[in-house]
Every structure is written in C-alpha cells, then in structure tokens.
Amino acid sequence: MDAGFILQYIAAGTVWVEDRLRILPVVWIGSGLLLAALTGAASIIVGDPFLTSYFRYVDLPILGKVPLASATVFDLGVFGLVVGATVLMLIAIAHQSIRRLRAARLEEERQSEEQQLWS
Amino acid sequence: MELTLSIAIGVLTGSGVWLILRPRTYQLVIGLSLLSYAVNLFIFSMGRLRVGAAPVLGVDGTGNPADFAGSHSAGAGAHRHRDRFRHNGASSGGTAGRARPHGKRPCRRAGIALMDWTRHLLIVPILLPLVAGAALLLINETRHTLKALVSLISALLLLVGGMALMRIAAGAPDGTGTLSTTYAVADWPAPFAIVLVLDRLSALMLVLTSVVALASLTFSLARWHGAGPHFHSLFQFLLMGLGGAFLTGDLFNLFVFFEITLAAYGLLLHGSGSFRVRSGLHYISINLAASLLFLIGVSLIYGVTGTLNMADLASRLPGLPDEDRVLFEAGAAILGVAFLVKAGMWPLGFWLAPAYTAAAAPVGAIFVVLTKVGVYVLLRLTLLLFGSPAGELTGFGGMVVALPPSSSRHQACSLPRLWAGSPDIACSSRRERCLRLSAWVTPVSCRAR
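Residues numbered from 1 in each chain as written. Chains lettered and ligands numbered in written order. Predicted model: local features only at pLDDT ≥ 70, side-chain atom pairs only at ≥ 80, totals over all residues. Heavy atoms only, no water.

> Explain the overall build of chain B to me, please; I cannot follow it from the model alone.
Each helix and strand in chain B was counted, giving 19 helices and four strands. Relative to all contacts within chain B whose residues are 6 or more apart in sequence, the contacts with residues 24 or more apart total 76%. When the accessible surface of chain B is totalled, it reaches about 20200 Å², and 68% of it is carbon and sulfur. (Helix = DSSP H or I, 4+ residues; strand = E, 2+ residues; numbered from the N terminus. Contact = heavy atoms within 4.5 Å. Areas by Shrake-Rupley, 256 points an atom, 1.4 Å probe, with all protein chains shown as cover.)

> How should a nonpolar patch on the surface be read in this particular structure?
Residue and element names in this part refer to chain A. On the surface, Met-1, Leu-35, Val-73, Leu-76 and Phe-79 cluster together into a nonpolar patch covering about 450 Å² of accessible area. It is helix H4 (residues 71-118) that provides the largest number of residues to the nonpolar patch, a total of three residues. With respect to the secondary-structure elements, Leu-35 resides in helix H3 (residues 25-46). (Patch = residues over 30% accessible without salt bridge, like charges linked within 9 Å, V, L, I, M, F, W, Y side chains within 5 Å. Salt bridge = Lys/Arg side-chain N within 4 Å of Asp/Glu carboxyl O.)

> It is not clear to me how the packing of helix H9 (residues 251-260) of chain B against helix H13 (residues 322-343) of chain B should be interpreted in this structure. Could you clarify?
Angle between the axes and distance between the axes: these two values describe a pair of packed helices. Residue and element names in this part refer to chain B. Running from N to C, H9 and H13 point in directions that differ by 25 degrees, and their axes come no closer than 13 Å. Classified by the interaxial angle, the pair formed by H9 and H13 is roughly parallel. Here the hand of the crossing between H9 and H13 comes out left-handed. Only Leu-335, Phe-339 and Lys-342 of H13 make contact with H9, whose side of the interface consists of Leu-251, Leu-254, Phe-258 and Glu-259. Taken together, the residues that form the contact of H9 with H13 break down as five nonpolar, no polar and two charged. (Axes fitted to C-alpha atoms, helices over the stretch in contact; angles between N-to-C directions. Parallel < 35°, antiparallel > 145°, perpendicular 65-115°, else oblique. Left-handed = near helix turned anticlockwise from the far one by under 90°. Nonpolar A, V, L, I, M, F, W, Y, C, P; charged D, E, K, R; others polar.)

> Help me understand the pairing of strand E2 (residues 64-69) of chain A in this model?
Within a regular strand, side chains alternate between the sheet's two faces. In the sheet, strand E1 (residues 55-60) of chain A pairs with E2(A) via six bridges, with the strands oriented antiparallel. For Tyr57(A), the partnering residue across the bridge sits in E2(A) and is Pro67(A). (Pairing = 2+ DSSP bridges.)

> Please clarify how the interface of chain A and chain B should be interpreted in this entry.
Where interface size is given, it is often the accessible area lost as the parts come together that is meant. Each side of the interface is counted separately: chain A has 22 residues, and chain B has 26 residues. Across the chain A/chain B interface, buried area totals approximately 2000 Å², and carbon plus sulfur atoms make up 73% of it. Looking at the side of chain A facing chain B, the largest losses of area belong to Ile44(A), Pro49(A) and Phe50(A), adding up to 26% of the total buried there. Seen at the junction of chain A and chain B, the total is zero salt bridges. Where chain A touches chain B, the interface holds zero residue pairs in polar contact (both at pLDDT 80 or more). It is H3(A) that contributes the most residues to the side of chain A that touches chain B, 13 residues altogether. (Buried area = accessible area lost by both parts, 1.4 Å probe. Polar contact = N/O pair within 3.5 Å; in protein donor to acceptor, adjacent residues only side chain to side chain.)

> Where do I start with H13(B) in this structure?
Three or four residues apart is the spacing at which side chains of an α-helix point the same way, because the helix has 3.6 residues per turn. Taking 1.5 Å of rise per residue, 22 residues should cover 32 Å, and H13(B) covers 31 Å from first to last C-alpha, within 8% of that figure. Directly beyond the C-terminal end of H13(B), a positive phi value near 70 degrees is found at Gly344(B). (Expected span 1.5 Å × (residues − 1).)

> When you look at the pairing of E1(A) in this model, what are you seeing that I'm missing?
For E1(A), the buried fraction is low: zero of the six residues fall into the buried class. What sits between E1(A) and E2(A) in their antiparallel hairpin is a turn of three residues. (Buried < 20%, exposed > 50% of the residue type's maximum accessible area, 1.4 Å probe, protein only.)

> In this structure, what is going on with the packing of H3(A) against helix H5 (residues 124-138) of chain B? I would like to understand it.
Where H3(A) contacts H5(B), the two axes come as close as 8 Å, and the packing angle between them is 150 degrees. Considering the angle they form, H3(A) stands roughly antiparallel to H5(B). Of the two possible hands of crossing, H3(A) and H5(B) adopt the one that is left-handed. For the pair H3(A) and H5(B), contact is made by Val26(A), Val27(A), Ile29(A), Gly30(A), Ser31(A), Leu33(A), Leu34(A), Ala37(A), Leu38(A), Ala41(A) and Ile44(A) and by Leu127(B), Leu130(B), Val131(B), Ala134(B), Ala135(B), Leu137(B) and Leu138(B), respectively. Classifying every residue of the contact of H3(A) with H5(B) gives 16 nonpolar, two polar and no charged.

> Where do I start with the pattern of salt bridges in this structure?
Two side chains carrying opposite charge are able to pair once their charged atoms lie near each other. Applying the stated criterion across every chain yields a total of seven salt bridges over all chains. As a salt-bridge pair, Lys147(B) and Glu141(B) come within 3.2 Å of each other at their nearest N and O atoms. Looking at Lys147(B), the relative accessible area reads 3%, which means it is buried. For Glu141(B), a relative accessible area of 25% puts it in the partly exposed group. Between Glu259(B) and Lys342(B) there is a salt bridge, with the nearest N and O atoms lying 3.9 Å from each other. Of the two residues, Glu259(B) is situated in helix H9 and Lys342(B) in helix H13; the sequence distance between them amounts to 83 residues. Linked through salt bridges whose partners overlap, the residues forming this network are Glu107(A), Arg110(A) and Glu114(A).

> How should the packing of aromatic side chains be read in this particular structure?
Residues and elements named next belong to chain B. Inspection of the entire model under this criterion finds eight aromatic pairs over all chains. Considering the side-chain rings of Phe-255 and Phe-294, the 5.4 Å spacing of their centres and the 90 degrees angle between planes classify their relative orientation as edge-to-face. Note that Phe-255 is positioned in helix H9 and Phe-294 in helix H11 (residues 274-305), a separation of 39 residues in sequence. By the burial criterion, Phe-255 is buried, and Phe-294 matches it. (Phe/Tyr/Trp six-rings, centres within 6.5 Å; stacked < 30°, edge-to-face > 60°.)

> Even after reading the chapter, I still don't get helix H2 (residues 25-45) of chain B, so can you show me in this structure?
Residues and elements named next belong to chain B. Given a rise of 1.5 Å per residue, 21 residues ought to cover 30 Å, and the 30 Å separating the end C-alpha atoms of H2 matches this to within 8%. Regarding H2, the residues found buried are Leu-28, Gly-31, Leu-32, Leu-34, Leu-35, Ala-38, Val-39, Phe-42 and Ser-45. Taken down its axis, H2 places every buried residue within 160 degrees of arc, on the same side. Exposed side chains of H2 directed beyond 90 degrees from the buried face belong to Tyr-26, Tyr-37 and Phe-44. Buried residues along H2 sit in contact with helix H1 (2-21) and H11. (Arc of directions from axis to C-beta.)

Laid out in structure tokens, this is it:
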C-alpha cells in the first residue's frame, strides 16, 4: 500500500499527488492507533483484562467455516498506523526534492536582488 | 560457529561505532542501524548456538534456554513460585474462580460479568494517554483550544487515577478485601503475561508524573503549545511511556515503554531552531545507543535465566549456578549502564545539559520526570535482584553528583530556560543525590561481588 503511494509520487510528482491526497498520513496514524487501542479496551467492557482476544469459528454462507478473531481488528489498526507512518516518512524524504527547488529559487532571487542593488 | 558469529558481531559493532563518531547525520543513522544489526545477532545467539535442534521449542518443551543453561535445579522452585504468582494475580482482585489451568488460553465467559472497574484501574495510566494522543492526532492542527482541552482533561484524569492507585497501593480495603496490585495484560497466566505491578513507589512516581504533566501543560497554554505541530499528541505519548515504565513488571516491556518515551525527541524539537535540532540529535543518538545496551543486558539475562518477568527473575536467582551467575551479573551491569545513561548520571550525562537547555520550558519540565525513570528502574531492580547489600550503599555520600543540573543552570541564561532547569536542582536534595549515587555504585559493586 505504501508502495502504491510512492508509485503515485514517482509517476505524477509530489505536487500533483498532494493536491489529491484525501486522507493525510497523520489521519491514518491517528485512526489506526485509536482503532487498535479501543479494540484492546473493548475487552475491559466484558470484564477481561486489556488486550484479551476472543476467537471463534463462524459459518458464512459461501465461504464455509471461517475463523474469526478479535485480534484482526487490532491488526487492522496497526496496519493503518504503519501505512501512515511509512507514508509520512517517505513524504518527508520526497519533499526534499521540492525543498531543493525552492532553495535554488530563493538563491536565484537573492542573487538577482543583489545584482539590482549593485547596478 | 561461535567464532564466525562473534567476528560478525564485532565487525558490525566496530563499524557502527566508527560511523557514529563521524560528524555526519547520514553516517550516524547508518552507524546506529549497523549497531542494531549487531545487537540483533547477539540476541539470537542468546538462545544458544546449536546444530540440528528444533527451531524454537521441541514438542516436549526442550530448547528452553533456561534448561539449556543447566539451571534444572531452579526449575522446580520456579514452577512452584509461578503457580503462586499466577494465583495472586488472578484471584486477589475479589473475583473468585479465575485461576485457570496452567497455560490454557482464556475462553469467553458466558454473559457479561459483573464489571469490576477498579480492577482495570492499573491499565488507565497507559490506556488513557494513548487514546487521548491518538484522538488528538485526528483533530485539526488549527483548533488549539480543543486540543489543549482534551490534553488537559486527560492529564487531570491521570492525576485522579494516580491518586486512586496510590490508595490501592497503600492497601485501602475495598468491601471484599484488598484490591489487586497486579494486572495480567491479555489474561495470560502470570510468568508468560506482561504483568503490570503496582506498589507504593510506582504509584508515587505516577502521581508525580501527572502533577508535573498537569503543571507543564497549563504552562504551555500560554504560548508553547502553538509553536509547532502535534505538541499535545507527543506529550500524551510521552505520558503513556512514563506510566507504562513505572507500572510494568517485565523487563522487555520496560524496554518498549522506554522507547515510547523517545516521543520526548519530538517534544525536544518542538519550536525548532538549529540548537534544538543539534541537541535533539545528540539526545536521540545517545539514547538509542543506550537502548542497544539495554537490549544486550536484557538478552544476557534472558539467556541465563529464561525469564524476563521481574518477580520470576527474583525467584530464580538463588538457584542460579555459579558459572551463570557471572554472566547474569555482567548483564545486570550492562543494564545498569544503560539506565544510567538514560538517567543522565554524572559521567554519562553529557547529553543532558544541552537537551535541558534547548528544550522548550514545558518540555524541560517533563524531562525532569523522564530522566528519573532510569533512577527508578535502577532502584527497583537492584533491590529486587540483589536485595539488602544494595541498600547498604545508599548512605555512601552524596556530594559529587549535582554536576549535570548545575552546569545546565549555568548555560541556561534566559528565564524560561532557567525555569526548565530549576526543578531538577530543586529536587536534587541531599537524599535524592544519595539515591542517584547509590544507583550508580550498586551495579558496579554487584558485579564485583
């Protein structure tokens, strides 16, 4: 999933992707963390200690007997957290490209100002 | 095989250290990752190097490093103690009939049990800041007031929870009897579960943390909390790490919470500026190096005793054969060095003064608690593992180690900086300095014994 994000960055450029990025990485991190923590806390409501996981087999119409564990939801939260964190890090690195351009542009402006000052 | 592995670890460590000492950020990062590879290899080798053995555990349970280390004599005693420990954890909370057959997974009980909320009070100092911090991430950065409100409420609840825990730790009776002071996370039986343990010391530290947190959060409302992104989230995560480190009864879990307190790195950078970035880089790299030492110590101890549960560790210690005891004490000494680095003790605390000086004022205030975690753990471990001889050294002077705070005071010239440094000076009374010095001396003396 992170690779998908990064491919977008490579293919379309940083500015294009960030105009269209609906869910920010920080939101991924926050919601993932919240989901994981609340899943862990859900067992407190039942009366068991934090993070206790429940497990049972469920018969689904087509798939048949499927194992279901409450830890799956926790893992989904962790997934969101990892996606967000990785994308955030990679975006920070990707921004170096913009920053270098910006720094170069600022440098040019400064030099042209100096030239105007001298002339 | 031993030779190959040792050479590999040595080469990795050597190049890692060399790269860390280079004055380049990128090389520093690579050096740290090389060091972590070396520590990884070391940890793997702590399960003992064997050819043709079962990958993890054999069907009949062979392959446990503790058995391999030859501590069979300790086995029976440890098992007995373990049963007792589990019994304590499971049934002293006033919920009878919760002791389950050894090693069996809990199954879901029929219906919703009588909700015994006080039993879960122990997880509050960890869970509450976690949820608050995660929720704060979702709130837009422009809504300062809302964020500050959530953060303050969380800190206030932490204070209330800490005080309730203090009552429990003091043995306040609750209708059915004394409340439980252990909490097996995820309901695994005790030596395997990560156990949260409450006693008066940890409750006191929790209350201290939440008081300081509340005060510095209130102070940050004036200006600091708007100076950069995610101040409140990072603050909550830091509180979570502190709460967990004070409550946990498991050495590896302690490591995890220590790493969570590295959220302090983000806080240290809060407000930005090149001085903050520089001292923050020193802070994070030294603390990561200390973490690697921590891992080495923990893996040595695990390799010798086969457990990381502190109570279990203390019970297995007397049955340890002499040749293993040396290794164990070496592990404890390395652990001690790691904690002393984290506590910013005198010869190892060179990172402390710039970090305190650079940090924004409210962050500096919470740093005061952060550095005490190392002292707290040292106190706890030396008393738990090495018993009374460690206590004798407590009166061993107390004149030397006021250096790091006072030097930070000299460097701190502006008023908020002075304020950031001063709580440490204020609380480094003679008694605490005694504690610090004794904490410094004991692991060394234990090793020499």
